[in-house]
Amino acid sequence: MNNIGTLYLAEIKKVFSKKSVWLTLIIGTALVCMAIASNAFFETYDYPDGSKMSGLQFYKLESEECSKLSGRTIDDEFLNEVRGTITDFALKKDYLTEKQLAGLNKSIEKPARMDTEDGFIYQNTPMVALDSAAEQLGISDCWYFLQDTLDDNQNVLTVTAKEFNKSFADGIDTPMVYTYQQGYDIFIESAWICVWLLFLLITLSLAGIFAYDRQTKMDALIVSSRNGRRPIATAKVLAGFTVAVIETLVVFGAVLAVCIGIYSGQGWNGPIQMFVPGTAWNATAGQIVSTYLVIIMVMGILFASATMMLSRFCGGAQTLGIQMGVLMLGFFNLPFKNLLSRLWDLRPTTFLTMGILSNEDRFSFGLAGLNCVEMAIVLYLIATIACMAVTVASYMKYQVKNT
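Predicted model only: the values in this text are computed from it and were never measured.

Moving on, we get to the packing of helix α13 (residues 285-313) against helix α14 (residues 316-329). Close contact between α13 and α14 brings their axes to 9 Å; oriented N to C, the two are set at 135°. Accordingly, the angle class assigned to the pair α13 and α14 is oblique. As for how α13 packs across α14, the hand of that crossing is right-handed. Residues Phe303, Ala306, Thr307, Leu310 and Ser311 of α13 pack against Thr319, Ile322 and Gln323 of α14.

Take a look at the structure:
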């Protein structure tokens, strides 16, 4: 056991001694975090009265004001307060007239077309004016949530609490309670970027874990030594999984920290319907984030097992090339709808998209059934076990080739 432990630590040290691994980890994580933080640092919000807000000011104001509404039941009093605050502000700022507001309450909004020298543009509509007012007041997250829940966002001006709560899926407790959870929403929306980075990072880290021994002729020493294969195979597999877990935690933790630090950590216990109103998944934002961590961890282990299997049979450069091809192939959807296409939708490189939050696709097995998340995890674990079985079995029978 001590021998395996020594080999295990040596394999981990070997991986993390590569400058390319550290550069990819640091630069890749930094770029992902910058992309997620770009709205706060590089966006400017302009309003009809000539005022402007930087992204940081916008999200700070939103966090302060929406937190005052957070935790309140969405009843008629809540709806009337939000609508009244926004419409009063818009009227005061002359963003729209009483006549326009009255028209919004009666008919579907049609933006006016205005010809210009460069073609044509659409004038700001009354609803856009109300959106601007909501943003300036710092309650746009609440305002847009109310709109997104309805079939026609203009109905937000007239809907009753009873009608509003009917918009949610069966099985969801109503009346709903508004919860500000912007930081977690942005993380959930951006998690697929973490998966792409991890795929590249884990592939780069482990592409040579078996191939390196062949390239340096160390395989001859391993095979000739007594009981050389088994402890080294065990150490390499364990080290590969450890590297995948460490890199997953670093990337996941850094991205989540940026989302919470910039966009607020409020709303851990808020319902996921604040982000996706139509989903039947009865869970909180915190539960979804925790579920994503489990899924991404399993994905990372799968990426590691597939990369180690390829490294066992191919050179390091070949392994990298094959994995890049797999990544590109994952961008394509199947042009038909059957069980095969449903399983293809569970592929790890694209699974963490908005589609997962519907959680509606179920796979039946007699009296039992699995939702899409459960099915994906089962398939990932089966694929991991299969890859490791092939890797270890072939390594135990490996013979050095004279070249």
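All right, on to the packing of aromatic side chains then. The geometry of an aromatic ring pair comes down to the distance between the two centres and the angle between the two planes. Evaluated as defined, the whole model comprises 14 aromatic pairs. Seen in terms of ring centroids, tyrosine 59 and tyrosine 263 are 4.7 Å apart; in terms of plane orientation they differ by 85°. Their pairing is edge-to-face. With a gap of 204 residues between them, tyrosine 59 in helix α3 (residues 55-69) and tyrosine 263 in helix α12 (residues 229-263) connect regions that are remote in the sequence. Between phenylalanine 199 and phenylalanine 303, the ring centres sit 4.9 Å apart and the planes meet at 80°, which makes this aromatic pair edge-to-face. Of this pair, phenylalanine 199 sits in helix α9 (residues 182-206) while phenylalanine 303 sits in helix α13, and the two are 104 residues apart along the sequence. Through a chain of ring-to-ring contacts, three or more aromatic side chains come together here, namely Tyr45, Phe58, Tyr59 and Tyr263. One Lys or Arg, arginine 342, reaches over the ring of phenylalanine 363 and ends 4.2 Å from the middle of that ring.

Generally, phi is negative for residues other than glycine and the peptide bonds are trans, each holding for most cases. The backbone of aspartate 94 shows a phi angle near 60°, a positive value even though the residue is not glycine. Here aspartate 94 shows up in the loop between α4 (76-92) and α5 (98-104). The phi angle at serine 264 is positive, at roughly 100°, despite the residue not being glycine. When you line up the elements, serine 264 lands in the loop between α12 and α13.

Turning our eyes to something else, we now look at the pattern of salt bridges. This structure, assessed with the given rule, holds six salt bridges. Between lysine 236 and glutamate 11 there is a salt bridge; the shortest N-O distance is 3.0 Å. A residue pair is termed long-range when its members are at least 10 positions apart, and lysine 236 in helix α12 and glutamate 11 in helix α1 (residues 2-16) qualify at 225 residues. The same class applies to lysine 236 as to glutamate 11, namely buried. Linking glutamate 65 and lysine 68 is a salt bridge whose minimum nitrogen-to-oxygen distance equals 3.3 Å. Placement of the pair is glutamate 65 and lysine 68 together in helix α3, with a separation of three residues, close to one helical turn. Residue lysine 68 is classed as exposed on the basis of its relative accessible area of 58%. Within this structure, Glu11, Lys14 and Lys236 form a network of salt bridges that share partners.

In a regular helix each residue adds 1.5 Å, so 25 residues correspond to 36 Å; α9 covers 36 Å between its end C-alpha atoms and thus fits that length. Residue serine 190 marks the point of greatest curvature in α9, where the axis turns by about 45°. Among the 25 residues in α9, 19 count as buried, and that is most of the element.

Moving on: the environment of valine 294. Within the secondary structure, valine 294 sits in helix α13. Residue classification places valine 294 among the partly exposed positions, given a relative accessible area of 44%. Residues valine 294 and isoleucine 377, spaced 83 residues apart in sequence, show a C-alpha to C-alpha distance of 8.9 Å.

Okay, the side chain of serine 205 next. You can see serine 205 is positioned in helix α9. For serine 205, a relative accessible area of 1% corresponds to the buried category. Within polar-contact distance, the side chain of serine 205 engages the side chain of glutamate 247 at 2.7 Å. Setting aside residues no more than four positions away along its own chain, serine 205 makes contact with Val15, Lys18, Val21, Val243 and Glu247.

The rules we used
- In this numbering scheme, every chain counts its residues from 1 along its sequence in written order.
- It should be noted that, the model being predicted, local features are given only for residues of pLDDT at least 70 and side-chain atom pairs only at 80 or more, the latter also being counted only at that level, while totals for whole chains, interfaces and linings use all residues.
- With hydrogens and water stripped out, all remaining heavy atoms of the structure feed into the side-chain values.
- Between N-to-C directions, angles span 0 to 180 degrees; the directions come from axes that are lines fitted to C-alpha atoms, helices contributing only their stretch in contact.
- Put simply, DSSP H or I for four residues or longer makes a helix, DSSP E for two residues or longer makes a strand, and each gets a number counted from the N terminus.
- Any angle from 65 to 115 degrees is called roughly perpendicular, while one under 35 is roughly parallel, one over 145 is roughly antiparallel, and all others are oblique.
- By convention the crossing between two helices is left-handed if the near helix lies anticlockwise of the far one by an angle smaller than a right angle, and right-handed if it lies clockwise.
- Here, two residues are considered to be in contact whenever any of their heavy atoms come within 4.5 Å of each other.
- In this scheme Phe, Tyr and Trp rings, the latter by its six-membered ring, pair at centre separations within 6.5 Å, and the angle between planes marks the pair as stacked below 30 degrees, edge-to-face above 60, and tilted otherwise.
- Geometrically, a lysine NZ or arginine CZ counts as sitting over a ring once it is within 6 Å of the ring centre and also within 35 degrees of the ring normal.
- The salt bridge definition used is simple: a Lys or Arg side-chain nitrogen within 4 Å of an Asp or Glu carboxyl oxygen.
- For every residue, the accessible area obtained with a 1.4 Å probe (protein chains only) is divided by the maximum for its type, and the residue is called buried under 20%, exposed over 50%, and partly exposed between those limits.
- Expected span, for any helix, means 1.5 Å times one less than how many residues it has.
- Two axes define the bend at a residue: one fitted to the seven residues ending there, one fitted to the seven starting there, and the bend is the angle between them.
- Side-chain atoms alone can form a polar contact between residues adjacent in sequence; in general such a contact is a pair of N or O atoms within 3.5 Å, and within protein one must be able to donate a hydrogen while the other accepts it.

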